[in-house]
Amino acid sequence: MSAGHSADEYRERDVVPIRRALISVSDKSGLDRLGKALADAGVEVVSTGSTAKVVAATGAKVTEVSELTGFPESLDGRVKTLHPKVHAGILADLRLEAHERQLRELGIEPFDLVVVNLYPFVQTVASGAQGDDVVEQIDIGGPTLVRAAAKNHANVAIVVDPADYDAVIAALQTGTTLAQRRNLAAKAFAHTAEYDRAVADWFQANLVTHPEVEGWVWPQSVGIAGELAHVLRYGENPHQQAALYRQPLGHGIAQAEQLHGKEMSYNNYVDADAALRAAFDFDRPAVAIIKHANPCGIAVADTIEEAHAKAHACDPLSAYGGVIAANRPITKALAQTVKGIFTEVVVAPAFEPEALEILETKKNIRLLRLPADFTRDETIFKQLSGGLLVSDADNFTGGADSSGWRLVTGEEVDPATRRDLEFAWAAVRSVKSNAILLAHDEASVGVGMGQVNRVDSAHLAVNRAGARARDAVAASDAFFPFADGLEVLLEAGVRAVVQPGGSIRDEEVIAAARKAGVPMYFTGERHFFH
Ligand SMILES: NC(=O)c1ncn([C@@H]2O[C@H](COP(=O)(O)O)[C@@H](O)[C@H]2O)c1NC=O
């Protein structure tokens, strides 16, 4: 055993009656109910400033912490509960006779219940506060109470979530069990860890400056805080377990509200996220249809219905069982069309009431409404065995900007062709590498994805497009290392090409386009996506 005590010195303690509680909470929700129950059960309460006032109003017997410590709450509340008379009362391990004796000698009463929630640091940062206003919201005394009580869960129940007040109220009659206290302690340590993660992230993002380093300074450590949202039926495959965790301040697919349909699966979430990547690249109404994280159709148009019709027409066979993302509300007319197509998920910023009614007649289709403040993450975390890769996200907003493109062969294209090229360049970004996308009238007509050489991707795109390859425009997510991939597209009759350029054989590739009389633009920017 630890701390120099032998195993036989530890007396068994399973059920602990609740006689004395320490309460210090920022979020006072549910406190009146808890206070009243404690009063009825005759529990003695010690409490800090404004918490004490709420608890006293319920009729509970409350001692102000300053009265207990003989030390005033001071320094704008920076010092309230940080006192041995508080912490000895929380940390005494009453399984040990020696601790019990010391408490008696010191004249300190033990606590059986500690109820704490912390200063709203995350909410303060989210409000746009800066500097000292944020620093002042770093709770010091609170986490100290939480960690002390959680460590001593053999004797103390620690409650950090008002959702657990009912269980505490029930335990006023029976006492808390060791299993209960251990579960509460696990929750408490997770809570303080998440809190410190948020504090560390804020410091690293805001206060790290280095006189000798220009620009971004990488944080010394990173982590993703997530709160359990749903246990999923299974993972990527039925033999894998999985759950969804939400970042406390996230605004993405994890925060979307499911309005209808079967439970979302792991793969539904992955595909819905990929669909958003594709549909939210554009300002104009856009629809992306995704299967296995790859688009089988992307289009923009003047209306969302038209965008869907064009996206669906790209590859109706593959769109069967797909995930549809729209960057505009789902209208009644679009709902009527989608109703006739077997679709796993529809994700959109909103659904018109009639659209919802129509789609709700399909039992299984999952309807997800994005959070009002939906934003795509700016930083990407990718798990590796034993580590994480962290990078900027490769997001477009408002479509592609072709002002910096360089025409490397042929005549400047007409405005309609330029629009198609811009569309294709934005759309190919959502296709897994090696990616070739053929487009016509701002809609994909053939997509070649995920091949280990660019020639195969070109063949795939051309095969999927069929006769539509003739007069389509083509985009390639990275340069053509040889002319062969481009030649597949030229033979199929594409009318213009956009690609990053930058191969050591660019001249060979340009010569092939020149020979075919097809204009080609270099963007100077690559869009690998894995
Ligand atoms: N300084 C301390 O000793 C201290 N002890 C508890 N707190 C926090 O004070 C808050 C409650 O204060 P009040 O009861 O005055 O609203 C809680 O969020 C609690 O986590 C403290 N405040 C910050 O560090």
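Quick caveat, the model's predicted, so the values are computed rather than measured.

Visitor: Looking at this structure, I do not really get the site of the ligand. What am I missing?
Guide: Surveying the vicinity of the ligand reveals 22 residues, the closest of which are Ser50, Thr51, Thr81, Asn117 and Asp139. Asn117 places a polar main-chain atom, nitrogen or oxygen, 2.7 Å from an oxygen atom of the ligand. Between Ile140 and the ligand, the recorded distance is 2.9 Å, taken from a backbone N or O atom to an oxygen atom. With the chains in place, 94% of the 530 Å² that the ligand exposes on its own is no longer accessible. Secondary structure elements with two or more residues in the shell around the ligand: β1 (20-25), α2 (49-57), β4 (113-117) and α8 (141-151). Here the shell around the ligand gets three residues from one element, more than from any other, and that element is α2. Residues belonging to the shell around the ligand are distributed by class as follows: seven nonpolar, 11 polar and four charged.

Visitor: Honestly, the pairing of strand β20 (residues 496-499) in this entry has me stumped. Any pointers?
Guide: Consecutive side chains along a regular strand alternate between the two faces of the sheet. Side chains of β20 alternate between two faces, with Ala496 and Val498 and Val497 and Gln499 buried alike. In the sheet, β20 pairs with strand β21 (residues 520-522) via three bridges, with the strands oriented parallel. Residue pairing across strands places Gln499 opposite Phe522, the latter belonging to β21. Between the parallel elements β20 and β21, the chain passes through helix α19 (residues 506-516) in a crossover that is right-handed.

Visitor: Mind showing me how you'd approach the pattern of salt bridges here?
Guide: Pairing between side chains becomes possible if they bear opposite charge and their charged atoms approach one another. Counted according to the given criterion, the structure contains 22 salt bridges. The salt bridge partner of Asp441 is Lys310, with a shortest N-O separation of 4.0 Å. Placement of Asp441 in the loop between β17 (436-440) and β18 (443-448) and of Lys310 in helix α12 (residues 304-314) is noted, with a sequence separation of 131 residues between them. Assessed through its relative accessible area of 47%, Asp441 is described here as partly exposed. Linking Arg454 and Asp477 is a salt bridge whose minimum nitrogen-to-oxygen distance equals 2.7 Å. Placement of the pair is Arg454 in helix α17 (residues 454-465) and Asp477 in the loop between β19 (473-476) and α18 (483-492), with a sequence separation of 23 residues. Side by side, Arg454 and Asp477 carry an identical accessibility label, which is buried. A cluster of three or more residues bridged by salt bridges with shared partners is formed by Arg284, Asp302, Arg419 and Glu442.

Visitor: Mind showing me how you'd approach the packing of aromatic side chains here?
Guide: Two descriptors summarise a pair of aromatic rings, namely the distance from one centre to the other and the angle between the planes of the rings. On inspection of all chains with the given rule, the structure shows seven aromatic pairs. Ring centres of Phe121 and Trp202 lie 6.3 Å apart, and the angle between their planes is 85 degrees; on these two criteria the pair is classed as edge-to-face. Taken together, the residues span a long stretch of sequence, with Phe121 in helix α6 (residues 121-126) and Trp202 in helix α10 (residues 178-206) at a distance of 81 residues. Each member of the pair, Phe121 as well as Trp202, is classed as buried.

Visitor: So what exactly am I meant to see when it comes to the nonpolar core here?
Guide: Side chains of nonpolar character tend, in soluble globular proteins, to be buried together. Residues Ile253, Leu276, Val347, Leu370, Leu421, Trp425 and Leu437 are the most contacted members of the largest nonpolar core, which totals 52 residues. Counting contributing residues per domain, this core is built from domain 2 (251-369) and domain 3 (406-522), each supplying no fewer than three. Setting aside its immediate chain neighbours within four residues, Ile253 contacts Tyr269, Ala272, Asp273, Leu276, Val347, Leu368, Leu370 and Phe374. Residues Ala37, Ile90, Ala157 and Ala198 belong to the second largest nonpolar core, which totals 48 residues.

Visitor: Teacher, can you tell me more about the packing of helix α4 (residues 84-91) against α8 here?
Guide: To characterise two packed helices, one gives the angle between the axes of the helices and the distance between these axes. One can describe the packing of α4 onto α8 by two numbers: an axis separation of 8 Å at closest approach and a directional angle of 30 degrees. On the basis of the axis angle, α4 is roughly parallel to α8. Note on element contacts: α8 touches α4 through Thr144, Leu145, Ala148, Ala149 and Lys151, opposite Val86, His87, Ile90 and Leu91. For the contact of α4 with α8, a count of residues per class yields six nonpolar, two polar and one charged.

Visitor: Before we go on, may I ask you to explain the environment of Ile504 in this structure?
Guide: One can find Ile504 in the loop between β20 and α19. Ile504 sits in the exposed class, given a relative accessible area of 82%.

Visitor: Can you walk me through the UniProt feature "domain: MGS-like" (unreviewed entry) in the chain in this structure?
Guide: Using the residue numbers shown here, the UniProt feature "domain: MGS-like" (unreviewed entry) corresponds to residues 14-160. In the segment residues 14-160, helix accounts for 44% and strand for 14%; the C-alpha atoms at its two ends are 21 Å apart.

Visitor: I tried to follow α17 on my own but got confused; where do I start?
Guide: In an α-helix there are 3.6 residues to a turn, and that puts residues three or four apart on one side. With 12 residues, α17 extends 16 Å between its outermost C-alpha atoms, agreeing within 8% with the 16 Å of an ideal straight helix rising 1.5 Å per residue. Those residues of α17 not exposed but buried are Arg454, Ser457, Ala458, Ala461, Val462 and Ala465. Each buried residue of α17 lies within a common arc of 130 degrees when the element is viewed along its axis, so the set occupies one face. Elements in contact with the buried residues of α17: β17, β18, β19 and α18. Two or three places before Val455, at the start of α17, stands the capping residue Asn453, its side-chain oxygen 3.0 Å from that residue's backbone nitrogen. In the segment just after α17, Gly466 is the residue with positive phi, at about 60 degrees.

Visitor: Even after reading the chapter, I still don't get the packing of α18 against α19, so can you show me in this structure?
Guide: Put simply, α18 and α19 touch, their axes get as near as 9 Å, and they point 20 degrees apart. One way to sum up the angle between α18 and α19 is to call them roughly parallel. For the crossing formed where α18 meets α19, the hand is right-handed. Taken together, the residues of α19 that come into contact with α18 (itself represented by Ala483, Leu486, Glu487 and Leu490) are Glu508, Val509, Ala512, Ala513 and Ala516. The residue inventory of the contact of α18 with α19, partitioned by class, reads seven nonpolar, no polar and two charged.

Visitor: Help me out: how do you make sense of helix α14 (residues 332-339) in this one?
Guide: Every buried residue of α14 is listed here: Leu334, Ala335 and Val338. The arc that holds every buried residue of α14, seen down its axis, measures 100 degrees, which confines them to one face. Structurally, α14 contributes buried residues whose contacts are with α12, β11 (322-326), β12 (343-348) and α15 (353-359).

What counts as what
- Residues numbered from 1 in each chain as written.
- Predicted model: local features only at pLDDT ≥ 70, side-chain atom pairs only at ≥ 80, totals over all residues.
- Heavy atoms only, no water.
- Near = heavy atom within 4 Å.
- Polar contact = N/O pair within 3.5 Å; in protein donor to acceptor, adjacent residues only side chain to side chain.
- Areas by Shrake-Rupley, 256 points an atom, 1.4 Å probe, with all protein chains shown as cover.
- Helix = DSSP H or I, 4+ residues; strand = E, 2+ residues; numbered from the N terminus.
- Nonpolar A, V, L, I, M, F, W, Y, C, P; charged D, E, K, R; others polar.
- Buried < 20%, exposed > 50% of the residue type's maximum accessible area, 1.4 Å probe, protein only.
- Pairing = 2+ DSSP bridges.
- Right-handed = clockwise from strand over helix to strand, strands pointing away.
- Salt bridge = Lys/Arg side-chain N within 4 Å of Asp/Glu carboxyl O.
- Phe/Tyr/Trp six-rings, centres within 6.5 Å; stacked < 30°, edge-to-face > 60°.
- Core = buried A, V, L, I, M, F, W, Y, C linked by side-chain atoms within 4.5 Å.
- Domains from an automatic or database assignment.
- Contact = heavy atoms within 4.5 Å.
- Axes fitted to C-alpha atoms, helices over the stretch in contact; angles between N-to-C directions.
- Parallel < 35°, antiparallel > 145°, perpendicular 65-115°, else oblique.
- UniProt positions renumbered as here; feature names shortened; annotations may be inferred.
- Expected span 1.5 Å × (residues − 1).
- Arc of directions from axis to C-beta.
- Left-handed = near helix turned anticlockwise from the far one by under 90°.

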